[in-house]
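Per-entry structural report
Letter by letter, the chains look like this.
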Amino acid sequence: MDLRGTEFEVERLYKAYLTCKGYRTDSRNIEGGEMFFAFRGEKFDANAFALPALERGAAVCVIDNEHIYENGCSQGFADRLIMVDDTLEAFRAMAAWHRSRFDIPVIGVTGTNGKTTTKELLREVLSSRWKVVCTKGNLNNHIGVPMTLLTIDKATEIAIIEMGANHPGEIRASVELARPTCGVITNVGKAHLEGFGSFEGVKKTKGELYDWLDGNGGVAFYNADSPDIAQMAGSRQNMKKVPYGVDYSQMKISAPSEENPYLVVETCGSGVCTTIETHLIGNYNAMNIAAALAVGEYFGVDMAAAAKAIGAYVPSNSRSQLVRTGRNSVILDAYNANVSSMMAALDNFSTLPAMSKVLILGDMLELGKYSVEAHRSVLERARQITPEIYLVGQEGFCKVAREGDFVFENVEELIQMLKASPMENKTVLIKGSNGIHLGQLVEYL
């Protein structure tokens, strides 16, 4: 089937997809009967695996390499090959077509910090009453969003789609696929400035979710404690607005103790106060809880069920995790890092009643011309908390460190030091961008 041309025939592709047992984007995972999409990447071209994928049992292969298409047809695979102009765009178009078949609430979640944790909390709260489909892990990019959309089925009552962005226009592209009916922008901060160009660029791109909701009569759950978010929401006149916030709802946060460093909050409504004991580290997560409670209430989840769901949630993927290793207490928050998330983590760490504190900080990536200033401000704050600081990375902290600071070009160098001089009886915060790979340190602490 040749679907090339100025007007892509997505309906024909989708009909072929419905005859298959799902899809695969990695030919090694083919079990038999799937539709295989041969994506091109910077370092690979999966078109080369299309014909072997057919031999392994793929029902159909979607490709964009004419030579392989002609070769496959000559080998008798013409009825199992679909030729398109661009396999990734074909995949995205098919996911958008699939989404259009379902008249259900779709909640888009984006923001500089906290979007994955907020998405996870939304899933837990809403799943107490509804059949929910949700982004897995952090599959929130141009491939992850359509992947999540394709998991929606007839049983799905609510879908939660996390949307990430490093460059202008990426949220707009995601909302055009997902067509959200509701949305949450957790916050806006100075992250990925190399791609966005400025803080205003961050606001404009994250605001593309609001633009969609405004143009389609959607509902925005907005962080009323944030002047930036409040202004962004207020400037869109056609979307319904549901405020939430820690200060807005007068949520009370209990002080952490050495015995219980986890976040405990009390929230009141309709004359009833509820205490939620979580497995989250960091007061900054209270705002993510406030968002989940607001969305839950809107969709009819009672407070008791919402509190139980939030209390049962245990974070993973190096986000606000407390790991007791037997020698030390480690707060692992090394999935992502920017100035605002770094400062929030440091502020929270400063409140912990621990006797011997250690900071292991990895570079904040993708900050461009703002990098030196950002790393200097974070390091100045870190020095106010503890003198025992270990810095990892070649582009950020090394440029603002002082003589005598512990600076390591990469995580492997720090691992060697920890092997030679093990830490004991410390409370350690590990915080840095995922690209620095600080999560590897836990087994050596």
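Below you will find a few notes about this structure. Because the structure is a prediction, the values reported are computed rather than measured.

**Quick word on the sheet that holds strand β11 (residues 252–253)**
Read across the open sheet, the three strands follow the order β11-β12-β13; overall the sheet is antiparallel. Here the strands that pair on one side only, and so sit at the sheet edges, are β11 and β13 (272–277). As paired strands, β11 and strand β12 (residues 264–269) are joined by two bridges and run antiparallel to one another. Along β12, the bridge assignment pairs Ile253 with Val265. In the packing of helix α12 (residues 285–298) onto the sheet, the strands contacted are β11, β12 and β13, and the crossing angle to β12 comes to about 35°. Sitting on the sheet, helix α13 (residues 303–312) touches β12 and β13, and the angle it makes with β13 is about 15°.

**Some details on the nonpolar core**
Grouped together as the largest cluster of nonpolar side chains are 48 residues, with contacts concentrated most on Leu13, Met35, Phe37, Ile82 and Tyr210. Among the elements that line this core, the one with the most residues is helix α4 (residues 87–100), at five residues. If sequence neighbours within four positions are ignored, Phe37 has contacts with Leu13, Tyr23, Arg24, Thr25, Val62, Thr87, Ala90, Phe91 and Met94. Core analysis: the next-biggest nonpolar cluster, separate from the first, contains 38 residues, Leu126, Ala286, Phe299 and Tyr313 among them.

**Some points on the packing of helix α5 (residues 115–127) against α13**
Interhelical geometry of α5 versus α13 gives an angle of 135° and a closest axis separation of 8 Å. Compared by their axis directions, α5 and α13 come out oblique. Between α5 and α13 the crossing geometry is right-handed. Between α5, through Leu121, Glu124 and Val125, and α13, the contact on the second element is made entirely by Ala306, Ala309 and Ile310. Of the residues assigned to the contact of α5 with α13, the class counts are five nonpolar, no polar and one charged.

**Brief notes about the sheet that holds strand β15 (residues 329–333)**
One open sheet accounts for six strands, arranged β14-β15-β19-β16-β17-β18; its pairing is mixed. The two strands at the open ends of the sheet, each matched to only one other strand, are β14 (321–324) and β18 (406–408). Ignoring which end each strand starts from, the neighbouring axes of this sheet average 20° apart. Helix α14 (residues 339–351) contacts β15, β16 (357–362) and β19 (427–431) of the sheet and is inclined by roughly 175° relative to β16. Strand contacts of helix α15 (residues 371–383): β16 and β17 (389–392), with the helix running at about 160° to β17, the strand carrying the most contacts.

Thresholds, definitions, all that
Numbers given to residues run from 1 along each chain, matching the order in which its sequence is written. In keeping with the model being predicted, local features are shown solely for residues with a pLDDT of at least 70 and side-chain atom pairs are shown and tallied solely at 80 or more, while totals for entire chains, interfaces and linings include all residues. In computing side-chain properties, one takes all heavy atoms of the structure into account and sets aside hydrogens as well as water. Strand pairing requires that DSSP identify at least two bridges connecting the strands. Under the DSSP-based scheme used, a helix requires at least four consecutive residues in state H or I and a strand at least two consecutive residues in state E, with every element numbered from the N terminus. Every residue pair with non-hydrogen atoms within 4.5 Å of one another is taken to be in contact. For helices, the fitted axis covers only the stretch in contact; all axes are lines through C-alpha atoms, and the angles between them, taken along N-to-C directions, range from 0 to 180 degrees. In this text, buried Ala, Val, Leu, Ile, Met, Phe, Trp, Tyr and Cys residues form a nonpolar core when linked through side-chain atoms within 4.5 Å. Throughout this description, buried means an accessible area under 20% of the type-specific maximum (1.4 Å probe, protein chains only), exposed means over 50%, and partly exposed covers the range between. An angle counts as roughly parallel when it lies under 35 degrees, as roughly antiparallel when it exceeds 145, as roughly perpendicular when it falls between 65 and 115, and as oblique in every other case. It is the rotation of the near helix from the far one that decides the hand of a crossing: anticlockwise by less than a right angle makes it left-handed, clockwise makes it right-handed. The residue classification treats Ala, Val, Leu, Ile, Met, Phe, Trp, Tyr, Cys and Pro as nonpolar and Asp, Glu, Lys and Arg as charged. All others, Gly included, are polar.

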